[in-house]
Amino acid sequence: MSEELGLKSKVDVTIRSTSHPSNVYRPEVDTSGVDERKLMWKIDIRLIPWLALLYLLNFLDRGSIGNARLYGMEKSLHITDKQYLIALTVFFFPYSLFEPPSNLALKWLRPSRWLSLILLIWGVAMTLHGVAQSYGGLIGLRFVLGLAEAGLYPGIVFYITCWYKRSELGTRVAAFFSSATVAGAFSGLLAAAIHNMDGVGGKPGWAWIFILEGLATVLVATVSFWVIQDFPDTVKFLSEAERVFVVRRLQEDMQFSAGGEIFRLSVIWQCLSDWKTWVAMGMYMGVVGPGFAFSLFTPTILNQLGFQATASNLLSVPVYVWACIITPALSYFATYLAASSIYPTIPNSVAWVSSNVEGSYKRSAVLGMAIGFGNLNGAVTSNVYRAQDKPWYSLGHGIVLTYIAIGWLCSLLYLVLLRRENARRERGERDEVITGDDNKNADGERNGRFDSVEDARREKGDMWSGFRYTL
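The shown structure was predicted, so the numbers you read here are calculated from the model rather than taken from an experiment. (Residues numbered from 1 in each chain as written. Predicted model: local features only at pLDDT ≥ 70, side-chain atom pairs only at ≥ 80, totals over all residues. Heavy atoms only, no water.)

A few words on the overall build of the protein chain. Along the backbone of the protein chain there are 21 helices and 2 strands. In the protein chain, buried positions account for 57% of the 471 residues. Carbon and sulfur atoms provide 64% of the accessible area of the protein chain, an area that totals close to 20000 Å². (Helix = DSSP H or I, 4+ residues; strand = E, 2+ residues; numbered from the N terminus. Buried < 20%, exposed > 50% of the residue type's maximum accessible area, 1.4 Å probe, protein only. Areas by Shrake-Rupley, 256 points an atom, 1.4 Å probe, with all protein chains shown as cover.)

Scanning all chains against the criterion turns up 22 salt bridges. Ionic pairing is found between Glu-242 and Lys-42, a salt bridge with its closest N-O pair at 3.3 Å. Note that Glu-242 is positioned in helix H11 (residues 240–252) and Lys-42 in helix H2 (residues 36–69), a separation of 200 residues in sequence. Under the relative-accessibility criterion, Glu-242 is labelled buried at 16%. (Salt bridge = Lys/Arg side-chain N within 4 Å of Asp/Glu carboxyl O.)

Its location among the elements puts Arg-363 in helix H17 (residues 360–376). Judged by relative accessible area, which is 3%, Arg-363 ranks as buried. Within the structure, the side chain of Arg-363 is placed 3.3 Å from the side chain of Thr-161, a separation counted as a polar contact. (Polar contact = N/O pair within 3.5 Å; in protein donor to acceptor, adjacent residues only side chain to side chain.)

This part takes up the packing of aromatic side chains. This model, assessed by the stated rule, comprises 18 aromatic pairs. By way of ring pairs, the aromatic residues Phe-158, Tyr-159, Trp-163, Phe-231 and Phe-237 are connected into one cluster. In this structure, Lys-107 packs its charged tip against the face of Phe-231, placed 4.9 Å from the ring centre. (Phe/Tyr/Trp six-rings, centres within 6.5 Å; stacked < 30°, edge-to-face > 60°. Lys NZ or Arg CZ within 6 Å of the ring centre and 35° of its normal.)

The subject of this paragraph is helix H19 (residues 394–426). The end-to-end C-alpha distance of H19, which contains 33 residues, comes to 49 Å, matching closely the 48 Å that a straight helix rising 1.5 Å per residue would cover. Two residues or fewer past H19, Gly-428 is found with a positive phi of approximately 85 degrees. (Expected span 1.5 Å × (residues − 1).)

Let us now look at a nonpolar patch on the surface. The grouping of Leu-117, Ile-121, Phe-143, Val-144, Leu-147, Phe-225 and Trp-226 at the surface amounts to a nonpolar patch, some 660 Å² of accessible area in total. Looking at the nonpolar patch, the elements with two or more residues in it are helix H6 (111–129), helix H7 (135–149) and helix H10 (205–227). Residue placement: Trp-226 occurs in helix H10. Given a relative accessible area of 70%, Trp-226 falls into the exposed group. (Patch = residues over 30% accessible without salt bridge, like charges linked within 9 Å, V, L, I, M, F, W, Y side chains within 5 Å.)

Moving on to unusual backbone geometry. Here the residue pair Lys-390 and Pro-391 is connected by a cis peptide bond, since its omega of 0 degrees sits within 30 degrees of zero. Tracing the sequence through the fold places Pro-391 in the loop between helix H18 (378–381) and H19. The phi angle at Arg-110 is positive, at roughly 85 degrees, despite the residue not being glycine. Take Arg-110: it is sitting in the loop between helix H5 (99–109) and H6.

Time to look at the environment of Ala-148. In this structure, Ala-148 sits in helix H7. For Ala-148 and Leu-119, which are 29 residues apart along the polypeptide, the C-alpha to C-alpha distance reads 7.0 Å.

Remark: helix H8 (residues 152–161) packs on H17, axes separated minimally by 9 Å, with the N-to-C direction vectors making an angle of 150 degrees. Judged by the angle between their axes, H8 and H17 are roughly antiparallel. Like other packed secondary-structure pairs, H8 and H17 cross with a definite hand, here right-handed. Residues Tyr-153, Pro-154, Val-157, Phe-158 and Thr-161 of H8 form the contact with H17, whose participating residues are Ser-360, Arg-363, Ser-364, Leu-367 and Ile-371. Partitioning the contact of H8 with H17 into residue classes produces 6 nonpolar, 3 polar and 1 charged. (Axes fitted to C-alpha atoms, helices over the stretch in contact; angles between N-to-C directions. Parallel < 35°, antiparallel > 145°, perpendicular 65-115°, else oblique. Left-handed = near helix turned anticlockwise from the far one by under 90°. Contact = heavy atoms within 4.5 Å. Nonpolar A, V, L, I, M, F, W, Y, C, P; charged D, E, K, R; others polar.)

On to the nonpolar core, then. As a rule of thumb, nonpolar side chains are buried together in soluble globular proteins. The biggest cluster of nonpolar side chains holds 103 residues, and the ones touching the most others in it are Ile-43, Tyr-153, Trp-163, Tyr-164 and Phe-176. If one sorts the elements of this core by residue count, H2 sits on top with 15 residues. Within the second largest apolar cluster, 28 residues are counted, among which are Met-254, Trp-352, Ala-365 and Ala-456. (Core = buried A, V, L, I, M, F, W, Y, C linked by side-chain atoms within 4.5 Å.)

On to the side chain of Arg-248. With respect to the element layout, Arg-248 can be found in helix H11. Here Arg-248 is buried and forms no salt bridge, its nearest opposite-charge partner Glu-28 lying at an N-O distance of 6.1 Å. Looking at Arg-248, its side chain comes within polar contact range of the main-chain oxygen of Val-29, at 3.0 Å. Of the polar contacts made by the side chain of Arg-248, one reaches the side chain of Thr-31; its length is 3.3 Å. Setting aside residues up to four positions removed in sequence, Arg-248 forms contacts with Val-24, Tyr-25, Arg-26, Pro-27, Val-29 and Thr-31. (Lys, Arg positive; Asp, Glu negative; His and termini not counted.)

Another point: the packing of helix H4 (residues 81–97) against H7. In contact at an axis separation of 7 Å, H4 and H7 are set at 30 degrees when each is read in the N-to-C sense. Classed by the angle they form, the pair H4 and H7 counts as roughly parallel. Between H4 and H7 the crossing geometry is right-handed. Here Gln-83, Ile-86, Ala-87, Leu-88, Val-90, Phe-91, Pro-94 and Tyr-95 of H4 lie close against H7, whose contacting residues are Tyr-135, Leu-138, Ile-139, Arg-142, Phe-143, Leu-145, Gly-146, Leu-147 and Glu-149. Taken together, the residues that form the contact of H4 with H7 break down as 13 nonpolar, 2 polar and 2 charged.

Confidence in the prediction of the protein chain, expressed as mean pLDDT, is 83, and 90% of residues score 70 or more. Note on residues 1–22: pLDDT is under 50 here. Beyond four places in sequence and across chains, it has 17 contacts. (pLDDT = per-residue confidence, 0-100.)

Our focus in this paragraph is the environment of Glu-242. C-alpha separation for the pair Glu-242 and Pro-232, spaced 10 residues apart in sequence, amounts to 8.9 Å. Among all residues touching Glu-242, those that are not within four sequence positions of it are Val-34, Leu-39 and Lys-42. At 3.3 Å, the side chain of Glu-242 forms a polar contact with the side chain of Lys-42.

Following this line, the structure appears as structure tokens:
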């Protein structure tokens, strides 16, 4: 059924676009000589590896406090288990609340500037963790780190949606997200190795973990100002024909804003009044909450089971190696079997949400809200594995399982409601009144009146009657 809806919608869009030749982006440019396969491979090579590196650093820096804890950080800073949990919690408030405005800033300031800037700020904050002398200093640095890191993940996801068709998002998001699992495995090995510097320069081993990882981030941030590319219509590593080709293929995929869009305040209201935004928030909450708990507490749980600090860090490696294998595999099945609701992993969920939002500003805001709310739950899951609950941690495991159940239920709800909405559009219940178009199903009072199909597309985005949701 979904294939029939998709086929019919593509035919519908093709017919309407043909009847409105002015809708073609830059019609004067000849793109017949562009090889699509080679072009997309060229784009993949220039974008995805560097984005994966940035996210690897993001995940590595965020979770390093869990590794440092095992090497005496709490004792050096004279903090209790409760204070340590508060330090973890403080990170998540700016991390979640700053994500929606950060995505809008990325659109205004360009990816090469914004992503590199926030990377530089959190690299400095990370480095300063290694010279913190008090609990107050640690709290302040965790706040700054959360503020700076907030823009990276939703920013990268939004950035990818500006380059790829909806059917291509799942594998690309999974490709860069898999670097997080690499970081998880690498962090244990790296922490064990860096701890051998204990006493160098008069600093403990846990401090060197922060200092060296932070300096690496600063270095990558500096290079990123020149390596990160901007949006398809202005990027310099593509020829003019290739840039036009990329924009046209996105518009053919119902991403009509690919050729450029003017910001309107009504976009904010569209996000808040769209049920998809709220269900997406629940869906992402269900998949990311357990992830935070796992990344922050795996070394601690292993340590409480009786393993020494270095052994605990090293034993966390195999779990992440397995995750690195299974994450892209699940994304592959979700993409090619159209089964994102069955495999609601983090990359699958965000790719699914992204593919069903049209309008670059609306997409950036929706992603910011959904990912921001999901990440806010890190403030909860960063407190569920308490020292007093060792070694079974029944409370923590129970809460994590509840989050997983919420994620599954929201994914199912998202699927059911999207399928129902597609059916309504096929029946003509969402048809707008278009000047000069004799459509008996059109309802101007409920669906709006427009001078042309192009006006309806531009004004309504994914709420336009010709838009079809991916299932």
